[in-house]
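# Working through the structure, step by step
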Amino acid sequence: MNHALILPILLPLITGAGQLLFYQAPFALQRLLGFASTFWLVLLGIWCLQIAGSGEHVLYHAGDWPAPFGIVLVLDRLSAIMLALTAVLGFCCLLYASSGSDKRGAHFHALFQFQLAGLNGAFLTGDLFNLFVFFEILLIASYALLLHGGGRARSRAGLHYVIINLAGSALFLIALGTLYGLTGTLNMADLALRVADAPPGDAPLLAAASLVLLVVFGIKAAILPLLFWLPRAYSAASAPVAALFAIMTKVGIYAILRVFLLVFALGETPVSETAWGWLWPLALLTLALGGVGVLGSNSLRTLTAYLVILSVGTLLATISFATEASLGAALFYLIHSTGMTAVFFLLADLLGQQREEGYDRFSATGPIGHRWLLGSLFFIAAIAMVGLPPFSGFVSKAWILQASAQEPQGFWLWGVLLAAALLTLIALSRTGSSWFWRPGEMASPYPLERGPLTLVSFMVGLNGLLAVFGEPVMGYLELTAEQLLNPQAYITAVLPEATAAGQEISP
């Protein structure tokens, strides 16, 4: 059973390599291979949720080399949630791309598979160096996917995206070199023990390395002041690519959770306290900037990109409390926000195709095709995105506010979060009014493809189902938060010999 743990990485890698080698094969075959691979990833994601639900850590030792000497993959509840979310989102984005946008550039399906392999590897890896490797795999694939279809805007946005992420990769290597020089290991479980037992003289360098890692993960997550590349890059990408990118910022958040609640969390004075102190004010500022950016956006794609930033600020502010209630609420909001921002990227494309001018820009308010159908879909999606009942956005925000009410600084999050929600409501209401209320129907509307429309409607429906089944989902997420705050169990699973020998693990 443990050998199946490598399939979420191996399956898309083999599929992508095959699509590159046989790129001259019929395009229908390329699509079929991509669908088959991604569908199997969905099934694997469901299997991972079931296996991790027992609370045990499932391990895969590459080459049967024991940790910390060999490469180890670790499945727990958090990684299972991220694998399942990535698989479902990837499958929906691939279905949408197959309506025609996948033909606008070369090797789309191979790059898509490599992107999924990098994402899954980042969620499963048990050591920091392989986290860096999988970061590079997903980033290289994302560079090419961002440029898919060509155009000056994409080239300009792609250049900024590449430069900022190359700088982040360089900083990542510096942090890894510092940690390896101080501890002699990069396995996260082993590193946690050695950081906790490090001599006092190494504390400043360890704190510096943790801050550098916070910068690196902050670039991936798009936290202030490292977020200004995101609106241009996400709004320039094609719709299915931008929708898939909705999970990219969550990789940075996952890395923050994994590293700072495991590697730097042990000892009498955890190293993570230094970085954690910066997380709260930066998260609030990110949340505030996201709300202002939503109100000042000039197109629906740009507005959605700022919604991604707003979700990042909300997540990190909630995570910074580091309690079971706050972490569970943050994970629920992570699932909701990832799905709904992906919906809005796809919806922006659907609406843009039904406008004679301006695509998704707010400055153009002329007639729109299929106004009543698209307007109704936009209205439901907007309600879900803002966080009004009965959708999962309301459930997640109510849970966040309840968790933050127990914290001394919680009133700050209440004020900023509610203000950002109000700005989002104003921005989406203004958009819907100008597009669907004022103009009349186009005399000859463009054909509306049923496949993409049905898919977007299905994704909005999934958001409703998340609210309907909110109680069991909350139960799973609360157990996930409990597991995250118990790094001893992770370390014992990965290094049973070290803990059996009596090496101390102090929280």
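Below, the structure is looked at part by part. None of these values were measured; they are calculated from a predicted model. (Residues numbered from 1 in each chain as written. Predicted model: local features only at pLDDT ≥ 70, side-chain atom pairs only at ≥ 80, totals over all residues. Heavy atoms only, no water.)

## With respect to the pattern of salt bridges
- Counted according to the given criterion, the structure contains three salt bridges.
- Arg258 is the partner of Asp76 in a salt bridge, and the nearest nitrogen-oxygen pair spans 2.9 Å. One end of the pair, Asp76, is in the loop between strand E2 (72-75) and helix H3 (77-97); the other, Arg258, is in helix H11 (residues 248-263), and 182 residues separate them in sequence.
- A relative accessible area of 3% means that Asp76 is categorised as buried.
- With its nearest N and O atoms 3.3 Å apart, the salt bridge here joins Arg194 to Asp190. With Arg194 and Asp190 both in helix H7 (residues 188-196) and four residues apart, this pair spans about one turn of that helix.
- Its relative accessible area of 8% is what places Asp190 among the buried residues. (Salt bridge = Lys/Arg side-chain N within 4 Å of Asp/Glu carboxyl O. Helix = DSSP H or I, 4+ residues; strand = E, 2+ residues; numbered from the N terminus. Buried < 20%, exposed > 50% of the residue type's maximum accessible area, 1.4 Å probe, protein only.)

## Some points on the side chain of Thr431
- In this structure, Thr431 sits in helix H17 (residues 410-437).
- Leave out the neighbours within four places in its chain, and Thr431 touches Leu303, Phe362 and Phe378. (Contact = heavy atoms within 4.5 Å.)

## A short note on the layout of surface pockets
- In this structure, the largest pocket spans a volume of roughly 920 Å³.
- Taken together, 28 residues form the lining of the largest pocket, with Ala84, Leu85, Val88, Ile335 and Leu466 sitting closest to its centre.
- When contributions to the lining of the largest pocket are tallied by element, the ones reaching two or more residues are helix H2 (27-52), H3, helix H14 (324-352), helix H18 (450-468) and helix H19 (470-484).
- Looking at the lining of the largest pocket element by element, the count peaks at seven residues for H3.
- For the lining of the largest pocket, the class distribution of residues is 23 nonpolar, five polar and no charged.
- Put simply, the second largest pocket is a space of about 340 Å³. (1 Å grid on protein atoms, 1.4 Å probe; cavity = no way out; pocket = protein on both sides within 12 Å on 5 of 7 lines; lining within 4 Å. Points joined across faces, edges and corners; volume = space filled by probe spheres on them. Nonpolar A, V, L, I, M, F, W, Y, C, P; charged D, E, K, R; others polar.)

## Some thoughts on the state of the cysteines
- Per the counting criterion, the structure on display carries zero disulfides.
- A disulfide-free cysteine, Cys92 has its sulfur positioned 6.9 Å from the sulfur of Cys93, the nearest such atom.
- Judged by relative accessible area, which is 5%, Cys92 ranks as buried. (Disulfide = S-S within 2.5 Å.)

## Structural notes on the side chain of Ser326
- You can see Ser326 is positioned in helix H14.
- Judged by relative accessible area, Ser326 falls into the buried class, the value being 0%.
- Reaching out from Ser326, the side chain makes a polar contact with the backbone oxygen of Thr318 at a distance of 3.5 Å.
- Look past the residues within four positions of Ser326 in its chain and what remains in contact with it is Thr318, Phe321 and Ala403. (Polar contact = N/O pair within 3.5 Å; in protein donor to acceptor, adjacent residues only side chain to side chain.)

## With respect to the nonpolar core
- The biggest cluster of nonpolar side chains holds 176 residues, and the ones touching the most others in it are Leu75, Phe217, Tyr234 and Phe260.
- Counting residues per element, this core draws most heavily on H14, at 17 residues.
- Those residues in contact with Tyr234 that sit more than four places away from it in its chain are Trp229, Ala242, Phe245, Ala246, Met248, Thr249, Ala305, Val308 and Phe345. (Core = buried A, V, L, I, M, F, W, Y, C linked by side-chain atoms within 4.5 Å.)

## Re helix H20 (residues 487-494)
- Residues Pro487, Gln488, Tyr490, Ile491 and Val494 constitute the buried set of H20. Here the buried residues of H20 occupy an arc of 160° about the axis, which is enough to place them on one side. (Arc of directions from axis to C-beta.)

## Examining the pairing of E2
- Burial along E2 is two-sided: Val72 and Val74 and Leu73 and Leu75, pointing in opposite directions, are all buried.
- Inspection of the sheet shows strand E1 (residues 58-61) paired to E2 by four bridges, in the antiparallel sense. From the neighbouring strand, Tyr60 faces E2, where its bridge partner is Leu73. (Pairing = 2+ DSSP bridges.)

## Digging into unusual backbone geometry
- Here the bond from Leu224 into Pro225 is cis, since omega is 5°, no more than 30 degrees from zero.
- You can see Pro225 is positioned in the loop between helix H8 (203-221) and helix H9 (230-236).
- Of note in this structure, Ala222 is not a glycine but carries a positive phi near 65°.
- Relative to the helices and strands, Ala222 resides in the loop between H8 and H9.
- For Ala222, a relative accessible area of 0% puts it in the buried group.
- Notably, Ala322 is not glycine yet its phi reads approximately 55°, a positive angle.

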